[in-house]
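Here are the chains, one letter per residue:
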Amino acid sequence: MTALRSYVSGAWHTPPDEGAPVHDAVTGEQIARVSSTGVDFAAALAYGRRQGAELRRLTFHQRAALLKALGSHLREHRDELYALEARAGATKGDAWIDVDGGIGTLLSYSSKGRRELPNADTLVEGEPEVLGRGGTFAGRHLLTPLRGVAVQINAFNFPVWGPLEKLAPAFVAGVPSLIKPASQTAYLTARLVELIVESGILPEGSVQLVCGDVGDLFEHLTEQDLVGFTGSASTARRLRTHPAVVERAVRFNAEADSLNCSILGPDGDVDLYAAQLVTEMTAKAGQKCTAIRRAFVPRERLAEVTEAVRARLEQVVVGAPLAEGVTMGPLVSLRQREEVRAAVKALGGELLFGDLDQVRVVGADAQAGAFMSPILLAGDPDRAEPHEIEAFGPVSMLMPYGSAEQAVDYAARGRGSLVGSIVTEDPGFAREVVLGLAPWHGRLLVLDRTDAKESTGHGSPLPMLVHGGPGRAGGGEELGGVRAVKHHMQRTALQGSPDVLTAVTGVWTPGASRSEDVHPFRKSLAELRIGDTVTAGPRRVTDEDVAHFAEFTGDTFYAHTDEAAAAANPLFGGIVAHGYLVVSFAAGLFVAPEPGPVLANYGLENLRFLTPVKPGDELTVTLTAKQISPRENADYGEVRWDTDVTNQNGESVAKYDVLTLVAKEAR
C-alpha cells in the first residue's frame with residue numbers, strides 16, 4: 001500500500017518508503033500508510049513565502065469571495081468525506097460536526113471578511129492619534145499580512161474542521177497555510193486538501209500539506225512564519241520551546257487538552273445538565289478537547305444527577321458508525337483505547353456506569369475495533385488526580401461541591417481550560433461563578449431553560465467567538481472572527497503628517513488635504529477620491545426650529561421645551577437643540593437632491609455630540625470622503641464620509657461617519 005501523498009512546493013510528493021500504518025477504527029484493517037520521508041521542508045516554506053505575494057495582492061473581499069467558492073465546492077463532496085469519517089469512528093452526527101462545521105467556518109469567515117473588513121489589502125485599526133498641537137503630526141495603527149507561512153499542526157479528532165478553522169483566517173489575512181494533520185486521520189485531511197487543490201479556486205501556494213512527521217520543519221521557521229498547534233499540552237510545550245521558535249520569536253498559538261468542567265447550580269435543571277453531560281461524553285466518543293471531564297454538582301443533588309445521567313447512558317448504542325441506531329462509534333485506534341483505559345485506572349474513583357474491558361457492539365466486531373463503553377465515575381474533588389489526569393475518551397467524573405466559592409476553587413484546580421459551563425436559572429449564581437471561572441477559561445456557557453433550545457452546546461466552538469484557554473489549555477486563541485485574521489498580521493504604529501498617513505493607509509486622516517470642486521455626491525465611485533469634500537452652510541437654528549422638532553418627533557425632553565428647567569441644567573444653561581435636529585440639518589445642508597451616483601444612505605457610525613447648540617447658533621457641515629470600498633460582484637461600493645458639524649465659532653458640535661452606497665460608474 002502506497003503511503004499518503006504530501007502536497008508541497010506546488011506538486012504532489014509520494015514518499016519513497018512504506019511509512020507507518022493507519023487502521024480503520026471499526027474493523028482494524030489497514031487503510032493507509034503515512035510518511036513525510038523525502039519532503040524538503042525548507043523548500044516548502046520558501047515556496048509558500050514566495051507564493052504568498054500572489055495572495056497578498058488580493059483584497060480582503062477578494063479572498064473572502066474565494067473562501068465562499070471553496071465552501072460551496074466542498075459541500076458538493078460532503079458524502080465522500082462522510083464515508084471517510086466513518087472509518088475514523090465518527091457517527092453521522094460526528095461527521096456532520098466535523099465536515100459541515102469546517103465548511104461553515106469557511107463561509108463564516110467569508111461573510112465576516114466582506115462585512116467587517118475593507119476591500120483593501122491592508123487594515124487600519126482604531127482612530128488617528130493627534131501627536132502634535134498644530135495637527136501636522138499624527139499616528140495610527142496599520143496591519144499588514146506577515147510575509148511567512150502559517151504552519152498548522154492539527155489533532156486527530158477533527159481532521160476536516162481543524163484544518164479549515166485555521167486555514168480560513170490565515171487566508172483572509174493573506175498568509176498561506178502549510179497543513180500537518182495527525183497521522184491517525186491523515187487520510188481524511190489528505191482527501192480534503194486534494195479537493196481544495198483540484199478545485200483550482202485558491203491561488204497556487206495558498207495551501208500545502210505534509211502527511212507524516214514534521215522532520216526538520218521547525219529548523220527552517222523564520223520571524224515571519226506562524227505556528228498554530230492543536231494537540232496535547234506536553235507536545236505544545238515541546239514545540240513552543242523549540243530553539244527556532246524561541247530565538248526568532250515565531251508566533252505560536254496552542255490549543256491543548258484541558259480538564260473542562262460543568263457546574264450544576266443548586267437550582268439548575270437536572271435534565272438539561274444530564275443531557276449535556278452525556279452528549280459531551282459520547283460525541284466523537286469523547287475525543288474532544290472541549291468535552292466535559294469534571295462534572296460538579298451540589299452535594300445534596302448528587303444522587304439525583306447520578307440517576308439522570310445513568311438513565312441517559314443506558315440509551316447509548318455503541319457500534320459501527322453507519323449501523324442503524326448507533327449513537328457512539330469507536331475511539332480512533334486501539335492504541336488510543338488503551339491510553340484511555342490506563343487514564344481511567346489512574347483517575348481512580350467509583351465506577352457508576354460502564355465496563356472498562358467489555359462493551360456490547362452493534363454492527364461490528366468488538367475485539368477488532370477500538371470500541372469502548374462510556375465510563376461514568378464518582379470522585380473526590382479534593383484529590384489531585386481528577387484535576388491532573390485526562391482520559392481522552394467517553395469518560396467523565398461526577399464530584400460534589402458545597403458552595404459557589406468551592407465550585408470555583410475546584411474548577412480552577414484544572415489550571416486552565418478551553419470551556420466551562422454552568423447550568424442554572426439563578427442569574428446571581430451565574431454571575432458569581434462566571435466571574436470566578438473567567439480567568440481560568442477561554443469560553444463559558446451559561447445554560448438555562450431560556451437558551452437551551454438554541455444553544456449550540458458546551459463543546460461547540462463557534463467561528464465568531466475565541467477558541468482557546470489559559471494555562472494547561474495552551475494559552476492561545478483561535479477563531480474569534482476578525483481577531484484571528486489580525487493574529488496573522490503585523491500591527492505597526494505609523495507616524496507622520498496627515499497627508500502621509502492618508503496616502504499610506506488609504507483612509508483620510510483629519511488634517512490631510514481636501515479637494516473641493518464638483519459636489520462629491522455627483523461623482524461615481526470611479527471618479528471619487530479620498531479627500532473629496534463639500535462644505536455647506538451656515539444655517540441658523542431658531543427657537544421655532546427647536547419647538548417644531550419637539551412637536552413633530554414627540555421628543556419633548558425638558559432641555560428642548562422648558563426654559564426654566566433647561567436653565568437649571570448645569571450642562572446647558574438654557575434651551576438647546578435636539579442632537580438629531582443638528583444631524584438632520586447637517587444632512588439637509590450636504591445632500592445633493594438630484595438623482596446621481598449616490599444610491600442610499602445606510603447608516604451613521606461613531607456619532608458624538610460635542611458642544612450644545614442653542615437657538616441663534618449657525619451650523620456649517622464639512623463632509624469628506626474618508627474611505628472608499630468597492631464591493632466585489634456588485635455595481636456599487638461603500639463610501640465612508642467624515643462629517644464635522646461646527647458652529648459660528650468654529651467649534652465642533654457633532655462628529656460622525658456617514659455611510660453611503662455609491663454606483664461604480666456614472667448613470
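These numbers come from a predicted model, not from an experiment.

Caption draft 1: Quick look at the packing of helix α12 (residues 404-412) against helix α13 (residues 427-437). The N-to-C vectors of α12 and α13 enclose an angle of 30 degrees; their axes lie 9 Å apart at closest approach. As summarised for this structure, α12 and α13 are arranged roughly parallel, according to the angle between their axes. Once α12 is placed against α13, the crossing between them reads as right-handed. Contacts from A404, E405, V408 and A411 in α12 reach F429, E432, V433, G436 and L437 in α13. Residues of the contact of α12 with α13, tallied by class, amount to six nonpolar, one polar and two charged.

Caption draft 2: Expanded view of the sheet that holds strand β22 (residues 533-540). Ordered by their spatial adjacency, five strands build an open sheet running β22-β24-β25-β26-β23, and the pairing between neighbours is antiparallel. Here the strands that pair on one side only, and so sit at the sheet edges, are β22 and β23 (598-609). Averaged over all adjacent pairs, the angle separating strand axes in this sheet is 25 degrees, with direction ignored. Inspection of the sheet shows strand β24 (residues 618-630) paired to strand β25 (residues 636-646) by 10 bridges, in the antiparallel sense.

Caption draft 3: Up close: the state of the cysteines. Under the criterion given, the structure shown has zero disulfides. Counting only cysteine sulfurs, C289 is the nearest neighbor of C261, a cysteine outside any disulfide, at a range of 15 Å.

Caption draft 4: Inspection of the side chain of S177 at higher detail. The residue S177 is located in strand β8 (residues 177-180) in this model. Its relative accessible area of 1% is what places S177 among the buried residues. A distance of 2.8 Å separates polar atoms of two side chains, one belonging to S177 and the other to Q152. Look past the residues within four positions of S177 in its chain and what remains in contact with it is V149, A150, Q152, L167, A170, S206, V207 and Q208.

Caption draft 5: Spotlight on the layout of surface pockets. Estimated volume of the second largest pocket: approximately 1100 Å³. Lining the second largest pocket we find 46 residues, and of these E116, L117, P118, Q627 and R640 sit closest to its centre. Residue composition of the lining of the second largest pocket, by class: 16 nonpolar, 13 polar and 17 charged.

Caption draft 6: Fine view of the packing of aromatic side chains. Within the structure shown, the criterion is met by eight aromatic pairs. Between the aromatic rings of Y7 and W12, the centroid separation amounts to 4.8 Å while the plane-to-plane angle is 50 degrees, which identifies the pairing as tilted. Judged by centre distance (5.7 Å) and plane angle (70 degrees), the rings of F158 and W161 are edge-to-face. Per residue, the accessibility class of F158 equals that of W161, and both read buried.

Caption draft 7: Representation of the pattern of salt bridges. Per the counting criterion, the structure on display carries 37 salt bridges. A salt bridge links D225 to R49; its shortest N-O distance comes to 2.7 Å. With D225 in the loop between β9 (207-209) and β10 (226-231) and R49 in helix α1 (residues 41-56), this pair connects stretches of sequence that are 176 residues apart. Of the residues examined, D225 reaches a relative accessible area of 0% and is grouped as buried.

Caption draft 8: Up close: the packing of helix α5 (residues 161-173) against helix α6 (residues 186-199). With their axes 10 Å apart at the nearest point, α5 and α6 run at an angle of 40 degrees to one another. As the angle between them shows, α5 and α6 are arranged oblique. Contacts between α5 and α6 pair P163, L164 and L167 from the former with T189, L192 and I196 from the latter. Residue composition of the contact of α5 with α6, by class: five nonpolar, one polar and no charged.

What counts as what
Residues numbered from 1 in each chain as written. Predicted model: local features only at pLDDT ≥ 70, side-chain atom pairs only at ≥ 80, totals over all residues. Heavy atoms only, no water. Axes fitted to C-alpha atoms, helices over the stretch in contact; angles between N-to-C directions. Helix = DSSP H or I, 4+ residues; strand = E, 2+ residues; numbered from the N terminus. Parallel < 35°, antiparallel > 145°, perpendicular 65-115°, else oblique. Left-handed = near helix turned anticlockwise from the far one by under 90°. Contact = heavy atoms within 4.5 Å. Nonpolar A, V, L, I, M, F, W, Y, C, P; charged D, E, K, R; others polar. Pairing = 2+ DSSP bridges. Disulfide = S-S within 2.5 Å. Buried < 20%, exposed > 50% of the residue type's maximum accessible area, 1.4 Å probe, protein only. Polar contact = N/O pair within 3.5 Å; in protein donor to acceptor, adjacent residues only side chain to side chain. 1 Å grid on protein atoms, 1.4 Å probe; cavity = no way out; pocket = protein on both sides within 12 Å on 5 of 7 lines; lining within 4 Å. Points joined across faces, edges and corners; volume = space filled by probe spheres on them. Phe/Tyr/Trp six-rings, centres within 6.5 Å; stacked < 30°, edge-to-face > 60°. Salt bridge = Lys/Arg side-chain N within 4 Å of Asp/Glu carboxyl O.

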